[in-house]
Amino acid sequence: MFTVRLHCSPSEKDKCIEELHEAGTLGILEEDPYLVAWFDHWDTAARFGDVEIADQQDWSTAWQAVWTPRLVGERFYLTPSWMEAVAPEGRIRIEYQPGMACGTGEHPGTRLAMMGLETAVRPDDTVLDVGCGSGILCLAANLLGARAIGCDIEAPDIVVADEHIAAAYFVGSADAVRSQSVDVITANINAEVLVQLAPELQRVARRAIVLSGFRPESLAELEAVFGPGQRLGLEGWSALVVPVV
């Protein structure tokens, strides 16, 4: 594992964090005026500055030192697995494991997707997470009473997800799924890819599509493609819950 330290001004921080997540960082710590990020691969880390070899124990200790549980939406209580705190009344405890390949719930796009699932998922639904990464959204769907399926074009992500979170997974995308075979689709991906995937997502979903992982300036473009929906926002990021008609 490799670590890199970036100097970011307050005005640049959001952009730096976005670029780190898009590059597949395992996690980010904020140490003003720096961002410290971890990567599996040296060449990816080197895109952002001088690289150091990171000790696995240092990674886990760093996360445990700074993480506190989060309330997400109206239903979820997001917490790392080592914390034993009981979820507040009316909320569902959802755990993540540090070191999972992205999708720990730290990024606002992941939390927005969870909030969108809250509004869209009904008990006994079938939910497809396109680009499932670590599988955390599959876990959220399962905890809401659905049956989750996850797919990703990156085979290593499927291996990680299958090791940590119980769901049905496959390597691929929505084009491998039968038409109108799932109740809800969620896709936490950038706006450009969401537009490319639109025909397949609309073909497969029966009732709703939860889109996340993009900035507010992309909302109009996505609504032009998918249709109007419920807009959600968090920390400069956006999500869209679109009914299928």
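Residues numbered from 1 in each chain as written. Predicted model: local features only at pLDDT ≥ 70, side-chain atom pairs only at ≥ 80, totals over all residues. Heavy atoms only, no water.

**Digging into the overall build of the protein**
- Broken down by element type, the protein carries eight helices and 14 strands.
- For the protein, whose C-alpha radius of gyration is 18 Å, the value lies close to the compact-globule estimate of 18 Å for 245 residues.
- The dimensions of the protein, computed from C-alpha atoms along their principal axes, are 50 × 40 × 30 Å.
- Across the 245 residues that make up the protein, the buried fraction comes to 52%.
- When the accessible surface of the protein is totalled, it reaches about 11,500 Å², and 50% of it is carbon and sulfur.
- Here the protein carries 17 positive and 36 negative side-chain charges, and the mean point of each set is 9 Å from the other. (Helix = DSSP H or I, 4+ residues; strand = E, 2+ residues; numbered from the N terminus. Rg over C-alpha atoms; globule rule 2.2 N^0.38 Å. Buried < 20%, exposed > 50% of the residue type's maximum accessible area, 1.4 Å probe, protein only. Areas by Shrake-Rupley, 256 points an atom, 1.4 Å probe, with all protein chains shown as cover. Lys, Arg positive; Asp, Glu negative; His and termini not counted. Charge placed at Lys NZ, Arg CZ, Asp CG, Glu CD.)

**Focus: the nonpolar core**
- Of all hydrophobic cores here, the largest spans 35 residues; its most connected members are Phe76, Ile94, Leu117 and Val184.
- Among the secondary structure elements, those contributing two or more residues to this core are strand E6 (76-80), strand E7 (92-96), helix H4 (108-120), helix H5 (136-143), helix H6 (155-164), strand E12 (205-214) and strand E14 (237-243).
- Membership of the second largest hydrophobic core comes to 24 residues, among which are Val130, Val177, Ala187 and Val242. (Core = buried A, V, L, I, M, F, W, Y, C linked by side-chain atoms within 4.5 Å.)

**Looking at the sheet that holds strand E9 (residues 147-152)**
- Spatially, seven strands are ordered E10-E9-E8-E11-E12-E14-E13 in an open sheet, and the strand pairing comes out mixed. Each edge of the open sheet is held by one strand with a lone partner, namely strand E10 (168-171) and strand E13 (230-234). On average, each strand axis in the sheet is inclined to that of its neighbour by 15°, with strand direction left out of account.
- Those strands touched by H4 are strand E8 (126-130), strand E11 (182-188), E12, E13 and E14, and its axis lies near 160° from that of E12. (Pairing = 2+ DSSP bridges. Axes fitted to C-alpha atoms, helices over the stretch in contact; angles between N-to-C directions. Contact = heavy atoms within 4.5 Å.)

**Digging into the packing of aromatic side chains**
- Inspection of the entire model under this criterion finds one aromatic pair.
- Between the aromatic rings of phenylalanine 39 and phenylalanine 48, the centroid separation amounts to 5.7 Å while the plane-to-plane angle is 10°, which identifies the pairing as stacked.
- Judged by relative accessible area, phenylalanine 48 falls into the buried class, the value being 16%.
- Lying across the ring of tyrosine 34, arginine 5 places its NZ or CZ 5.5 Å from the centre.
- Over the ring of tryptophan 237 we find arginine 215, and its NZ or CZ is 4.0 Å from the ring centre. (Phe/Tyr/Trp six-rings, centres within 6.5 Å; stacked < 30°, edge-to-face > 60°. Lys NZ or Arg CZ within 6 Å of the ring centre and 35° of its normal.)

**Description of the side chain of threonine 126**
- With respect to the secondary-structure elements, threonine 126 resides in strand E8.
- A polar side-chain atom of threonine 126 sits 3.4 Å from a polar atom in the side chain of arginine 147.
- If we skip the residues at most four places from it in the chain, threonine 126 touches Arg147, Ile149, Ser181, Val182, Asp183 and Val184. (Polar contact = N/O pair within 3.5 Å; in protein donor to acceptor, adjacent residues only side chain to side chain.)

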